[in-house]
Amino acid sequence: MTEVAFHFNAPDKLGYVCRFVRKAMRHDVRVTVAAPAPVLAHLSARLWKSAPSDFLAHATPGCDAALAALSPVVLVEDAAQSPYHQILVNLHDALPAAPQAFERVVEVVSLDDMDRALARQRWKGYAAQGYAIQRHDLVLKEQ
């Protein structure tokens, strides 16, 4: 069954996603990031501007299919459009349409009250579908 994990208290949500992607790439794991188009644009810019020693190669919506197949990370609005099914980082306000298509779903939650409220709704949605949910408090992890 798909693993679902919520990573709470991210002070910089997109910065955390960049670090998460970097770590996954080091382990040769393919990552799909699903989000609204404006968020994908900001994330793509952040992935290109990461540390000089890191090259976070990724494919964006509308890119050539051959490039997408070679990229370890794909940014999509709809998770079903991804060629990969290892990890889905969901940055939408709602549940992905088919979380069971992925081995693992990661929900990143910022310190923002609205983001936290929307995350609680997603948590309830996953729980209603029978998923066991892991909780990772990023504040406690840093201590």
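Look a little higher up for the structure.
Here is a short report on the structure shown in this document.

What follows concerns the overall build of the protein. Broken down by element type, the protein carries five helices and six strands. Order of helices (α) and strands (β) in the protein, N terminus to C terminus: β-α-β-α-α-β-β-β-α-β-α. For the protein, the proportion of its 143 residues judged to be buried stands at 47%. Considering only intrachain contacts with a sequence separation of at least 6, the fraction spanning at least 24 residues in the protein is 68%.

Reading across from one edge, β3-β2-β4-β5-β1-β6 is the order of the six strands in this open sheet, with parallel pairing throughout. Edge strands, defined here as strands with exactly one partner in the open sheet, are β3 (73-76) and β6 (133-137). Each neighbouring strand pair of the sheet contributes to a mean axis angle of 20°, computed without reference to strand direction. In this structure, strand β2 (residues 31-34) lies alongside β3, joined through four bridges in parallel fashion. Counterpart to A34 in the pairing with β3 is V76. Packed onto the sheet, helix α2 (residues 37-48) meets β2 and β3 and runs at close to 155° relative to β3.

Summarising the element assignment, L43 is placed in helix α2. Sequence separation between L43 and L75 is 32 residues, and the spatial gap between their C-alpha atoms is 8.6 Å. Look past the residues within four positions of L43 in its chain and what remains in contact with it is L14, V17, C18, V33, L75 and L91.

It is worth spelling out the packing of aromatic side chains at this point. Under the defined criterion, the tally for this structure stands at five aromatic pairs. Judged by centre distance (5.9 Å) and plane angle (80°), the rings of F6 and Y126 are edge-to-face. Taken as a pair, F6 in strand β1 (residues 3-10) and Y126 in helix α4 (residues 113-128) lie far apart in primary sequence, 120 residues in all. For the pair F6 and Y126, a shared accessibility class is recorded, and that class is buried.

Another aspect to go through is the packing of helix α1 (residues 13-26) against α2. Running from amino to carboxyl end, α1 crosses α2 at an angle of 55°, the nearest separation of the two axes being 10 Å. As summarised for this structure, α1 and α2 are arranged oblique, according to the angle between their axes. The two elements α1 and α2 cross, and the hand of that crossing is right-handed. Where α1 approaches α2, its residues L14, G15, V17, C18 and V21 are matched on the opposing element by V39, H42, L43, R46 and L47.

For the structure shown, the criterion picks out three salt bridges. Between E107 and R122 there is a salt bridge, and its shortest N-O distance comes to 2.6 Å. Taken together, the residues E107 in strand β5 (residues 104-110) and R122 in helix α4 connect sequence positions 15 residues apart. Grouping residues by exposure puts E107 and R122 together as buried.

Cut-offs and rules
- Residues numbered from 1 in each chain as written.
- Predicted model: local features only at pLDDT ≥ 70, side-chain atom pairs only at ≥ 80, totals over all residues.
- Heavy atoms only, no water.
- Helix = DSSP H or I, 4+ residues; strand = E, 2+ residues; numbered from the N terminus.
- Buried < 20%, exposed > 50% of the residue type's maximum accessible area, 1.4 Å probe, protein only.
- Contact = heavy atoms within 4.5 Å.
- Pairing = 2+ DSSP bridges.
- Axes fitted to C-alpha atoms, helices over the stretch in contact; angles between N-to-C directions.
- Phe/Tyr/Trp six-rings, centres within 6.5 Å; stacked < 30°, edge-to-face > 60°.
- Parallel < 35°, antiparallel > 145°, perpendicular 65-115°, else oblique.
- Left-handed = near helix turned anticlockwise from the far one by under 90°.
- Salt bridge = Lys/Arg side-chain N within 4 Å of Asp/Glu carboxyl O.

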